[in-house]
Amino acid sequence: MDEGLLLTSSGLETADNREMSPLHKAGGVNSQCAAQPVRHHNSVALPHSRVGPPAAIFPFVTASVRDPDVCSGAVTVKVTPTVEVIKGESASLPCTHTVSGSNNPVVEWFIEAQGTRTRVAFSQGNKEMSDEGTRLSGRVAMGKDFSLVISSVQAADELPFICQVTAGPLGVGEATTMLKVFFAPEKPELTRPSSQAISAGETTSSEIGTCVTMNGHPQPRIIWFKDDQPLPEIKDRKEKTYMIPSVVKEASGLFTIKSTLYMQPTKEDKDSVFGCTVEYSMPGEQIKKRKSDTITINLNYPSETATFTLLNTEPIKEGDMVTMKCVTDGNPQPEFDFTKDGTAISGQGGILTLKSVKRSDAGVYKCQATDYDNLDADLNGEITLAVNYIDPMNLTPATSMMAKLGDMVEIQCKTKASSAHTVQWKKGSEVLSQSGTLSLKEVSYDNAGEYMCVGAVPSVPGLTAQAGVNLTIAGKPMIETPVNGEVVKEGDMVTLKCSARGHPAPQFTWKPSGKESVSVEGTKVVSSVTLGATADVMKDGVTCEVSNEHGKDSQAFKVSIKAATTSDANRADTQQGGSSGVVIAVVVCVLLLLLLVALLYFLNKKGKLPCSKKDKKEVVSGEVNNDIVVEMKTEKANEEAGLLNKRPATEQ
């Protein structure tokens, strides 16, 4: 809190002239004593010494001019000189006092507007009240500590607030607090004029834009920027660059600020960026800023030079689309005319487009612009267009060739191009020759197939040409190494495949025959046969015979029983081992049973068993079930037989 301002009753003050005491002059202390009746706009109030409620003492809430007089004792009042608050929030204005010789002073709060004081709240003894009919009614209250609390502070509340303490004959003391209200303005809006473009070089200033910021308090200010550099605030309309500001105080007490920028721009301003910033104050002596969006100006200026540019970045080749652009350094762009080798051709604005160019499109292209604001300017441009090409590949022989098995083959390939080029012979991805000649010695069936001759211009990416030739090798058929057949057992079905090469395509004969089928796999012809593996087939095999006009060939295919694999042997061993284990287990069980019977017999012979007495003894446990009892007898015949006899029991 700021250091309070002390005022004492040791000085004299009138409405038109205040005499400050030495204490006030030295330390900011002032006082006012009054022993005379108080005049309120020609109305006379009772003397201060009269005891009663404040309303009886001051029937009017407006301040009056007091007659100075000498008083005994002293009244000291202390307040905060300045209180800062954000609009819409609450403000608390403290007030403390010291009165010598009086314990029941009257404390009142006044506001001062347009030279008139109006009371808004008061306190006497233990009663604090607010006055009705003031601009603060309903929003102001007085605390027990005599501080004045204002809720929902408005911009119009920025006024001097006077805390006045009346101590009867001891005098009157007062001190003033200035309430400062702050509110951040809205983001400034920057707009361009709706008029046509501005022309460079005019002798009068043109409107660049208008910047508006609304609802700020205290009054903010607008700063203009060009290319992030602040422009000096000039209001003189005789200058080339100046601003016209305007301020509107709204009914809410907030300020709306508008500033319009005028300039005489030059050609150098064609790319300039303009903006504005609102600068405003906030509590604590803070200075803050808010920036607007930026604008550029639509500036017209004459052309001085022209530029004709080829937009393609790669070398031009036949089939490409070519784009050329003509532009000047003026605004707006003037009219353009195009020619090729002196012959007029049409473009679109400053763009000249050639679709799927041919070598005949090569030549000298010119662009000419006409700017009526600068007819003396040389606005011409020129491009020499080169179109790269490669001719189709010329093959000898043209597309296909037939050679006999073992012959020598030679194929020629030639082409022409706009610049240095290469020629390669390929079969698949394999490069066979780096020249235009392909030579094959003693050709075999492996040499049959398609060969490609590829031409290219290395300096022009993508400029290539190619042509292919199909080589056929004629000769008697030849069977590839046969793959023998296997069956699990005699009588099963077996499938055999016979692959042969030759031209013309060979004919197949199977001995013995079966269900046959023929397919072509590349340069091979494959015949398949399915038949039963009879005893004769297992003994003599199967023969595949092929033939054409150049000869024939044959191969024998063997058919055999498939050998047992390791897994099959392991499976058999496992089964055999399992069977052996079962036999052994049965034998062991039988031996154990015989051993048990022998033991029982031996014990019975020696009389070691309870049931070995000579007298017949019946063994019955619990109730008789199903009319069956078990008896142990010692007769000689049973002992020799070693039996435990079960017989039906007679009914009791």
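Computed from a predicted model, the values in this text were never measured in an experiment.

What counts, and at which threshold
Residues numbered from 1 in each chain as written. Predicted model: local features only at pLDDT ≥ 70, side-chain atom pairs only at ≥ 80, totals over all residues. Heavy atoms only, no water. Helix = DSSP H or I, 4+ residues; strand = E, 2+ residues; numbered from the N terminus. Buried < 20%, exposed > 50% of the residue type's maximum accessible area, 1.4 Å probe, protein only. Contact = heavy atoms within 4.5 Å. Areas by Shrake-Rupley, 256 points an atom, 1.4 Å probe, with all protein chains shown as cover. Disulfide = S-S within 2.5 Å. Core = buried A, V, L, I, M, F, W, Y, C linked by side-chain atoms within 4.5 Å. Patch = residues over 30% accessible without salt bridge, like charges linked within 9 Å, V, L, I, M, F, W, Y side chains within 5 Å. Salt bridge = Lys/Arg side-chain N within 4 Å of Asp/Glu carboxyl O. Polar contact = N/O pair within 3.5 Å; in protein donor to acceptor, adjacent residues only side chain to side chain. Pairing = 2+ DSSP bridges. Axes fitted to C-alpha atoms, helices over the stretch in contact; angles between N-to-C directions. Phe/Tyr/Trp six-rings, centres within 6.5 Å; stacked < 30°, edge-to-face > 60°.

Engineer: How should I be thinking about the overall build of the protein in this particular structure?
Structural biologist: Looking only at helices and strands, the protein has five helices and 53 strands in total. Here the protein holds 652 residues, and 36% of them are scored as buried. Restricting the contact set of the protein to residue pairs at least 6 apart, pairs at least 24 apart contribute 61%. Accessible area of the protein: about 38000 Å², with a carbon and sulfur share of 51%.

Engineer: I keep staring at the state of the cysteines and nothing clicks. Help me out?
Structural biologist: In protein structure, a disulfide is the covalent linkage between the sulfur atoms of two cysteines. Evaluated as defined, the whole model comprises five disulfides. Each sulfur in the disulfide pair Cys95 and Cys163 lies 1.9 Å from the other. A torsion of -75 degrees about the S-S bond marks the disulfide between Cys95 and Cys163 as left-handed. Of this pair, Cys95 sits in strand β9 (residues 95-99) while Cys163 sits in strand β15 (residues 160-166), and the two are 68 residues apart along the sequence. With respect to class, Cys95 is no different from Cys163; both count as buried. One disulfide in the model links Cys211 with Cys276; its S-S distance is 2.0 Å. Of note, the bridge from Cys211 to Cys276 carries an S-S torsion of about 75 degrees and is right-handed in sense. Placement of the pair is Cys211 in strand β19 (residues 206-216) and Cys276 in strand β24 (residues 273-282), with a sequence separation of 65 residues.

Engineer: Help me understand the nonpolar core in this model?
Structural biologist: It is characteristic of soluble globular proteins that their nonpolar side chains tend to be buried jointly. Residues Val77, Leu93, Trp109, Leu148, Ile150, Phe161 and Leu179 are the most contacted members of the largest nonpolar core, which totals 30 residues. Beyond its immediate chain neighbours, meaning those up to four positions away, Phe161 contacts Leu93, Trp109, Phe110, Ile111, Leu136, Leu148, Ile150, Ala175, Thr176, Thr177 and Leu179. Counting 25 residues, the second-largest nonpolar core is a separate cluster that includes Leu440, Val443, Ala467 and Val469.

Engineer: Help me understand a nonpolar patch on the surface, please; the structure alone is not making it clear to me.
Structural biologist: Taken together, the side chains of Val582, Val583, Val586, Val587, Val590, Leu591 and Leu594 present a nonpolar region at the surface, about 640 Å² in accessible area. For Val587, a relative accessible area of 43% gives the class partly exposed.

Engineer: For this particular structure, what's the right way to read the side chain of Ser123?
Structural biologist: Following the sequence through the fold, Ser123 ends up in strand β11 (residues 116-124). Here the side chain of Ser123 touches Lys127 through a polar contact of 3.1 Å, landing on its backbone oxygen. Beyond its immediate sequence surroundings of up to four residues, Ser123 is in contact with Pro105, Val106, Val107, Glu128, Met142 and Phe146.

Engineer: Please explain the sheet that holds strand β37 (residues 409-414) as it appears in this structure.
Structural biologist: Remark on secondary structure: sheet strands pair via backbone hydrogen bonds, oriented parallel or antiparallel. Read from one edge to the other, the open sheet built from three strands follows the order β35-β37-β40, with strand pairing classed as antiparallel. Of all strands in the sheet, those with a lone pairing partner are β35 (394-396) and β40 (437-440), marking the two edges. Mean inter-strand twist for the sheet, computed between neighbouring axes without regard to direction, equals 15 degrees. With three bridges joining them, β35 and β37 adopt antiparallel strand pairing. Across the sheet, residue Asn394 finds its bridge partner in β37, namely Lys414.

Engineer: Honestly, the environment of Leu531 in this entry has me stumped. Any pointers?
Structural biologist: When you line up the elements, Leu531 lands in strand β47 (residues 524-532). Sequence spacing of Leu531 and Pro512 is 19 residues, and the spatial spacing of their C-alpha atoms is 8.5 Å. Once residues lying within four places of it in the same chain are set aside, the contact partners of Leu531 are Asp492, Met493, Val494, Pro512, Ser513, Gly514, Val537 and Val542.

Engineer: Quick question: what am I supposed to make of the pattern of salt bridges here?
Structural biologist: If charged atoms from side chains of opposite charge come close, those side chains can pair. Summed over all chains, the structure comprises 22 salt bridges. The salt bridge partner of Glu108 is Arg119, with a shortest N-O separation of 2.8 Å. Taken as a pair, Glu108 in strand β10 (residues 106-113) and Arg119 in strand β11 lie far apart in primary sequence, eleven residues in all. Neither Glu108 nor Arg119 differs from the other in exposure class; each is buried. Between Glu279 and Arg221 there is a salt bridge whose closest N-O contact spans 2.9 Å.

Engineer: I would appreciate a short explanation of the environment of Gln124 in the present structure.
Structural biologist: For Gln124, the position within the fold is in strand β11. We classify Gln124 as buried; its relative accessible area is 16%. Put simply, Gln124 and Val107 are 17 residues apart on the chain and 6.4 Å apart in space, counted from C-alpha to C-alpha.

Engineer: Any chance you could explain the packing of aromatic side chains here in plain terms?
Structural biologist: A ring pair, where both rings are aromatic, is described by two values, the distance of the centres and the angle of the planes. In the structure shown here, the tally under the stated rule is three aromatic pairs. Judged by centre distance (5.1 Å) and plane angle (10 degrees), the ring pair of Tyr242 and Tyr262 falls under stacked. Taken together, the positions of Tyr242 in strand β22 (residues 242-249) and Tyr262 in strand β23 (residues 255-263) put the pair 20 residues apart, joining distant regions of the chain. The residues Tyr242 and Tyr262 share a single accessibility class, namely buried. Pairing Phe308 with Phe338 gives two aromatic rings, centres 5.8 Å apart and planes at 40 degrees, and the pair type is tilted. Highlighted residues: Phe308 in strand β28 (residues 306-310) and Phe338 in strand β30 (residues 335-340), separated in sequence by 30 residues.

Engineer: What am I meant to see in the side chain of Ser499 here?
Structural biologist: Structurally, Ser499 can be placed in strand β44 (residues 493-503). When residues no more than four places from it in sequence are discounted, the contact partners of Ser499 are Met478, Ile479, Glu480, Val525 and Val526.

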